[in-house]
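# Per-entry structural report
Chain by chain, the residues:
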Amino acid sequence: MLYKSTRGSTEVVNSNEAILKGLCDDGGLFVPVKFPEVQLPLSKMINFSYKETASYIFQIFFDEFSVEEINKIVDDSYDNKFSVNDMVNLTKADDAFFIELYHGPTSAFKDMALSALPHLMTESGKKISLDKELVILTATSGDTGKAALEGFSDVEGTKIVVFYPEKGVSNMQKLQMTTQEGKNVKVFGIKGNFDDAQRAVKTIFTDSALRKEMNEKGRIFSSANSINIGRLIPQVVYYVYSYLQLVKKHEINLNDKINIVVPCGNFGNILASYYSMKLGIPVNKFICASNKNNVLTDFFKTGFYDAKREMYTTVSPSMDILVSSNLERYIYEISGENETFVKDSMDSLQKYGHFEITDKFKKSLDKFYAGFCSDSDTLKAINEMYESHNYLIDTHTAVAYKVYKDYVAETSDNTKTLIASTASPYKFSESVLKALSLNEEDLTPFEMMDKLYKNTNVKIPKNLSNLKNKKVIHDEVIDKSTIITNLKKYLESGEQDD
Ligand SMILES: *Cc1c(COP(=O)(O)O)cnc(C)c1O
């Protein structure tokens, strides 16, 4: 299977190279040259385990690997790092089905893909006889950073560098990253927001002089963000798996349509659900939920994407994003794979901070419903879910739940609905305590977790309570304009250590 850029350059690579590169040389994102026309054999897959489902889907998109190689990658990726039986939990609460994607090693859904990515990368490296060190650059709004650090820490032949917005993550997210151990890891706080970090990383990828310099020193850059196709495809798996679980549990009949609600930031997770539909999962509506940073809501309502606005810091920090990278792959879809249109739109976004799609393409947007939710409504949604249905959800999942309720109130649609539950409430204890009207003032992050536990009896994930005994190793905070120089400095310091 071959991959090419959404922006129309002539670069065509196989899946191994696409995974290793992360981003195309022209700044576009890798997409299949021809999207697989397979329809998944759903009735046969009903009894598949999570791993079997993953193997099946990986084989379609990463077909340079043999079946045995894929099975090994999947086995190594989804092992006992996950605290529930089959990687994810499906819980019914109110009248929706919550697919809990946060039972992995860092308690956010990013683990679903970032447990697999290091294996996909190192095996891809072997396939193409890569003789260079991989430097994984990661911009994070809070959760990708830790999941990537955990996945790549001490992985031979790699270095991982993470940039997070110093003031834009929860205290638990920050502790997770700043205490990360490993010989090949580096974490920078930046004075700036997620968009600044993501822009800097993308600039590094498209800087051909820098790429050449790195090449000469025996290094290549790659990405652990959902711009990497190796990150996106593993996220398709849980939508297929959850759909089949609903069938298996007789909640729906095979071929019934469902709605899928996703709390959105970089648009990767919801795009993965869209890819699952292209493979045969019957979907009625995709519901794109945003927080106060509601660029996507406006886009789906008007066809005008306007990133030129103030960025708010919210109680759902992993969604504090104005430039949603994976929307590019969706624009590519609805424009009928019109690369010139994608390139012009992305150029306009970079130059002017906005772009608009044509009326013809706007019609395709109605597969999506989009809405947003304020901080106070987010906390109310957590409270209501807990008080009325005895189910504890985090701030991001609460945004999705609230927008879902708004959708139902507006449309009376009673299609069975799957909501992506993206993080453990314990990653955001401060906000969750507040939501439950429990006083959180003057408590340390660990006291907050204990208090939440005492009041709800929901188990604290071990990886979070264990942070208490860890030392802060990475306390460097840099200006956003110095990302490249600091990256170089770090890589050069490594040269002296070796
Ligand atoms: C990353 C993240 C999101 C947003 O997902 P995207 O794929 O970036 O749209 C939502 N919730 C949580 C908890 C996250 O970590």
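It should be emphasised that the depicted structure is a prediction, and the values quoted were computed from it without experimental measurement.

## Details of the UniProt feature "domain: Tryptophan synthase beta chain-like PALP" (unreviewed entry) in the protein chain
Taking the numbering used here, the UniProt-annotated feature "domain: Tryptophan synthase beta chain-like PALP" (unreviewed entry) corresponds to residues 102–412. Secondary structure over residues 102–412 splits into 49% helix and 17% strand, and the C-alpha atoms at its two ends are 30 Å apart.

## Quick word on the packing of helix α14 (residues 327–334) against helix α15 (residues 339–352)
Where α14 meets α15, the axes come as close as 9 Å, and the angle between the chain directions of the two elements is 145°. The two elements α14 and α15 meet at a crossing, and its hand is right-handed. Taken together, the residues of α15 that come into contact with α14 (itself represented by Glu328, Ile331 and Tyr332) are Glu339, Phe341, Val342 and Met346. Looking at side-chain class alone, the contact of α14 with α15 contains five nonpolar, no polar and two charged residues.

## Some remarks on the sheet that holds strand β4 (residues 89–93)
Strand order in the open sheet formed by six strands is β4-β5-β15-β10-β11-β14, and the pairing between neighbours is mixed. Bordering the open sheet on either side are β4 and β14 (368–372), each of which pairs with just one other strand. For this sheet the average axis-to-axis angle between neighbouring strands, irrespective of direction, equals 25°. Looking at chain direction, strand β11 (residues 283–290) and β14 are connected through five bridges and run parallel. The partner of isoleucine 287 across the bridge, within β14, is tyrosine 369. The sheet strands contacting helix α18 (residues 395–411) are β5 (96–100), β10 (258–263), β11, β14 and β15 (417–421), and the helix crosses β11 at an angle near 125°.

## Concerning the site of the ligand
In the vicinity of the ligand there are 15 residues, among which Lys110, Asp143, Gly265, Asn266 and Asn269 approach most closely. One of the backbone nitrogen or oxygen atoms of glycine 268 is found 3.3 Å away from an oxygen atom of the ligand. Here the ligand has 380 Å² of accessible area as a free molecule, and 98% of this is covered by the chains. Its atoms largely coinciding with the cavity grid, the ligand occupies the largest cavity. In terms of residue class, the shell around the ligand is made up of six nonpolar, seven polar and two charged.

## Focus on the packing of helix α7 (residues 143–152) against helix α8 (residues 171–178)
Packing of α7 against α8 brings their axes to within 9 Å, and their N-to-C directions diverge by 25°. Between α7 and α8, the angle is such that the two are roughly parallel. Here α7 and α8 pass one another in a crossing that is left-handed. For the pair α7 and α8, the contacting residues are Asp143, Gly145, Lys146 and Leu149 in the first and Gln173, Gln176 and Met177 in the second. Residues belonging to the contact of α7 with α8 are distributed by class as follows: two nonpolar, three polar and two charged.

## Here we look at the pattern of salt bridges
As enumerated under the stated definition, the model contains 34 salt bridges in all. The partner of lysine 278 in a salt bridge is glutamate 333, and the shortest N-O contact between them spans 2.7 Å. Highlighted residues: lysine 278 in helix α12 (residues 268–278) and glutamate 333 in helix α14, separated in sequence by 55 residues. Salt bridges sharing common partners tie together Glu11, Lys21, Asp25 and Arg211.

## Structural notes on the pairing of β4
Strand direction decides the pairing type here: β4 and β5, joined by five bridges, are antiparallel. Bridge assignment links asparagine 89 to a residue of β5, and that residue is glutamate 100. The antiparallel hairpin formed by β4 and β5 contains two residues in its connecting segment, where aspartate 94 sits at a positive phi of about 55°.

## Some words on a nonpolar patch on the surface
Residues Leu2, Val12 and Val33 make up a contiguous nonpolar surface patch of roughly 230 Å² in combined accessible area. Its location among the elements puts leucine 2 in strand β1 (residues 2–5). Looking at leucine 2, the relative accessible area reads 44%, which means it is partly exposed.

## Looking at the layout of surface pockets
Estimates place the volume of the largest pocket at around 650 Å³. If you trace the largest pocket, you find 28 residues lining it, with Arg199, Lys202, Val323, Leu349 and Gln350 closest to the centre. Those elements that provide at least two residues to the lining of the largest pocket are α9 (194–206), α14 and α15. Looking at the lining of the largest pocket residue by residue, the class counts come to nine nonpolar, nine polar and 10 charged. What the second largest pocket holds in volume is close to 510 Å³. Contributing to the lining of the second largest pocket are 23 residues, with Ser83, His103, Lys459, Ile460 and Pro461 lying nearest its centre. Among the elements of the structure, β4 and α21 (462–465) are those that each provide at least two residues to the lining of the second largest pocket. The residue inventory of the lining of the second largest pocket, partitioned by class, reads 10 nonpolar, nine polar and four charged.

## Quick look at the pairing of β11
Each regular strand carries side chains that alternate between the two faces of the sheet. When you tally the buried positions in β11, you get six out of eight residues, the bulk of the element. Sheet topology note: the β10/β11 ladder contains five bridges and is parallel. Along β11, the bridge assignment pairs valine 262 with cysteine 288. Regarding topology, α12 serves as the crossover connection from β10 to the parallel β11, and that connection is right-handed.

So, how was this worked out
Residues numbered from 1 in each chain as written. Predicted model: local features only at pLDDT ≥ 70, side-chain atom pairs only at ≥ 80, totals over all residues. Heavy atoms only, no water. UniProt positions renumbered as here; feature names shortened; annotations may be inferred. Helix = DSSP H or I, 4+ residues; strand = E, 2+ residues; numbered from the N terminus. Axes fitted to C-alpha atoms, helices over the stretch in contact; angles between N-to-C directions. Left-handed = near helix turned anticlockwise from the far one by under 90°. Contact = heavy atoms within 4.5 Å. Nonpolar A, V, L, I, M, F, W, Y, C, P; charged D, E, K, R; others polar. Pairing = 2+ DSSP bridges. Near = heavy atom within 4 Å. Polar contact = N/O pair within 3.5 Å; in protein donor to acceptor, adjacent residues only side chain to side chain. Areas by Shrake-Rupley, 256 points an atom, 1.4 Å probe, with all protein chains shown as cover. 1 Å grid on protein atoms, 1.4 Å probe; cavity = no way out; pocket = protein on both sides within 12 Å on 5 of 7 lines; lining within 4 Å. Sits in = over half its atoms within 2 Å of the grid points. Parallel < 35°, antiparallel > 145°, perpendicular 65-115°, else oblique. Salt bridge = Lys/Arg side-chain N within 4 Å of Asp/Glu carboxyl O. Patch = residues over 30% accessible without salt bridge, like charges linked within 9 Å, V, L, I, M, F, W, Y side chains within 5 Å. Buried < 20%, exposed > 50% of the residue type's maximum accessible area, 1.4 Å probe, protein only. Points joined across faces, edges and corners; volume = space filled by probe spheres on them. Right-handed = clockwise from strand over helix to strand, strands pointing away.

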